[in-house]
Amino acid sequence: MRKYLLMAMVSTIAISFSNAQYNSFDKISMSMEAKTAKDGYVSSINAIIYYNNDGKMVTYYSHPKEYILLNNIKGEIKIYDAKENTVLQQQNYRYSTETSQFYFFLNNKQSDLGLKQMGFIQSNISFEEDVMVTEWLPPAEMAQAITKVELVHENGVPIYIAYYDANNQLSTKSYYYNYNELYPGLSFPATITKISYISPTDSTITKTSFNNILIDEKVDTKAINFKIPDNAKSIN
C-alpha cells in the first residue's frame, strides 16, 4: 500500500526549448492543488513544493494526509511522517526529479519535454500558423506499450502532449496553460489537465494548479533545507 502511495505522490508532482545555458534561479516554491475526477467522485491533494536548481525537491503534503516527501536527481526518495516519526525510503531513477515534467519546464527544456532524453526519436513535424506538431517514436524497450507520442507547441511553449498505446489508441493526454513568465524566456504552466483513458468509455481527469510562486530570496530557506530526524524509524 505504501508503495502505491509513493508512486501516486511522485506522479502527481511529475506533473513537462532547448537546453538552457544557465540557471535563472537558485530555488523556487509554489503551492499545488491536484483534483482528480473519476466515476463521479472527486479527490484532491494539497501540497507546497520547494525545488532547488541542483534537482533537490521537498514537498509538504497537507491533504489528504500530512507527509513530507524528499527526492533528488539520483532517484533517492524519502517519505517522512512527522506524527509517527517514520520514514519510507526507496531509490529508482523513475523517481528522479530529472525525469519529471516539473524539471523540464523549470530547466528550460520545453522543446521535447524530455522525450529525447528518454530515448524517443522525432519522426514527423508539421506547422500551422503559430502551432507546431511533432510526433515521436518510442525506444525499443517501450515499443510494446507505446506506439507514438504527439507534442504540440504554440508560440514556442507546449500546450498539449498525447501518448498512444500498443493498439495505437489514445492512452493519456495533458494540456498545459495559464503560463507564468518566471524570468524572460522561462515560462511555467500554472495549470495542467491530464486525461487518462482507462477504457473507451472510462477515463480519469486530473487538474493540477500551481499558485503562490516564489523565487530565490522569497523562498523559505528552512523549509527547503528540511532534514529528516536521525531517530526516525525506517519502514518498508
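What counts and what doesn't
- Counting starts from 1 at the beginning of each chain's written sequence and moves along it residue by residue.
- Local features in this predicted model are restricted to residues whose pLDDT is 70 or higher, and side-chain atom pairs enter the listing and the counts only when it is 80 or higher, whereas totals over whole chains, interfaces and linings include all residues.
- To get the side-chain values, take all heavy atoms of the structure and skip hydrogens and water.
- We count a stretch as a helix when DSSP gives it H or I for four or more residues in a row; a strand needs E for two or more, and each element gets its number in order from the N terminus.
- Here the term buried applies to any residue with accessible area under 20% of the maximum for its type, exposed to any over 50%, and partly exposed to those in between, with areas from a 1.4 Å probe on protein chains only.
- In these tables, accessible area is a Shrake-Rupley quantity obtained with a 1.4 Å probe, and a residue counts as shielded only by the protein chains included in the view.
- Here a polar contact is taken to be a pair of N or O atoms separated by no more than 3.5 Å, where protein atoms must pair a possible hydrogen donor with a possible acceptor and residues adjacent in sequence count only if both atoms sit in side chains.
- The contact definition used throughout considers only heavy atoms, calling two residues in contact when any of these lie within 4.5 Å.
- Salt bridge criterion: a side-chain nitrogen from Lys or Arg within 4 Å of a carboxyl oxygen from Asp or Glu.
- In short, DSSP must find at least two bridges between two strands for them to pair.
- Here a pair means two rings of Phe, Tyr or Trp (six-membered ring of Trp) with centres within 6.5 Å. Their orientation is stacked below 30 degrees between planes, edge-to-face above 60, and tilted elsewhere.
- Either the NZ atom of lysine or the CZ atom of arginine qualifies as a charge over a ring when it sits within 6 Å of the ring centre and within 35 degrees of the ring normal.
- Scored between 0 and 100, pLDDT is the confidence that the predictor attaches to each residue.

A.B. asks: Can you help me understand the overall build of the protein chain in this one?
C.D. replies: Of the regular secondary structure elements, the protein chain holds 3 helices and 14 strands. Within the span of the protein chain, comprising 236 residues, buried residues form 43% of the whole. Carbon together with sulfur atoms contributes 49% to the accessible area of the protein chain, which is approximately 13,100 Å² in total.

A.B. asks: Got a minute to help me understand unusual backbone geometry in this structure?
C.D. replies: Excluding glycine, residues mostly carry a negative phi; peptide bonds, for their part, are mostly trans. Here the bond from H63 into P64 is cis, since omega is 10°, no more than 30 degrees from zero. Looking at the secondary structure, you find P64 in the loop between β3 (57–63) and β4 (67–71). In this structure, N85 is a non-glycine residue whose phi angle is positive, near 55°. Summarising the element assignment, N85 is placed in the loop between β5 (76–81) and β6 (86–91).

A.B. asks: How do you make sense of the side chain of H153 when you look at a structure like this?
C.D. replies: Counting through the fold element by element, H153 comes out in strand β9 (residues 146–154). Classification of H153 as buried rests on a relative accessible area of 4%. Of the polar contacts made by the side chain of H153, one reaches the backbone oxygen of Q110; its length is 2.7 Å. Excluding residues within four positions of it along the chain, H153 makes contact with Q110, S111, D130, V131, M132, P158 and I159.

A.B. asks: Would you explain the pattern of salt bridges in this entry?
C.D. replies: Any two side chains of opposite charge can pair, so long as their charged atoms come close to each other. Taken as a whole and judged by the stated rule, the model has 3 salt bridges. In this structure, the salt-bridge partner of K38 is D39, at a minimum N-O distance of 2.9 Å. K38 sits in the partly exposed class, given a relative accessible area of 31%. With a shortest N-O distance of 3.9 Å, K148 and E135 are connected by a salt bridge. With K148 in strand β9 and E135 in strand β8 (residues 131–137), the pair connects residues that are 13 residues apart, well separated along the chain. The network of salt bridges with shared partners includes K38, D39 and D202.

A.B. asks: Looking at this structure, how should I read the pairing of strand β12 (residues 186–199)?
C.D. replies: A regular strand places its side chains so that they alternate between the two faces of the sheet. In this sheet, β12 lies alongside strand β11 (residues 170–183) in antiparallel orientation, the contact comprising 10 bridges. Within the sheet, the bridge partner assigned to K173 lies in β12 and is I195. Turn length for the β11-β12 hairpin, with the two strands adjacent in sequence and antiparallel, is 2 residues, and the turn residue G185 shows positive phi of about 90°. Bridge count between β12 and strand β13 (residues 202–215): 8 bridges; the pairing is antiparallel. In the sheet register, I192 faces β13, and the bridge partner there is T208.

A.B. asks: Any chance you could explain the packing of aromatic side chains here in plain terms?
C.D. replies: The relation between two aromatic rings is expressed through the spacing of the ring centres and the mutual angle of the planes. Counted under the stated rule, the structure contains 10 aromatic pairs. With 5.9 Å between their ring centres and 40° between their planes, Y80 and F226 make a pair best called tilted. Linking Y80 in strand β5 with F226 in the loop between α3 (221–224) and β14 (233–235), this pair joins segments that are 146 residues apart in sequence. Counting every residue linked through ring pairs, the aromatic cluster contains F105, Y176, Y179, F188 and F210. Above the face of the Y164 ring, K148 is positioned so that its terminal group lies 4.8 Å from the ring centre.

A.B. asks: Just checking my understanding: could you explain the confidence of the model for the protein chain for this structure?
C.D. replies: Caution applies to low-pLDDT parts of the model: their predicted coordinates are not meant to be read in detail. Here the protein chain averages 87 in pLDDT, and 90% of its residues register 70 or above. Within the protein chain, helix α1 (residues 2–13) has the poorest average pLDDT of any element, 45, and β8 the best, 97. Long-range and interchain partners of residues 1–22, a stretch whose pLDDT sits below 50, account for 55 contacts in this model, where long-range means more than four residues apart.

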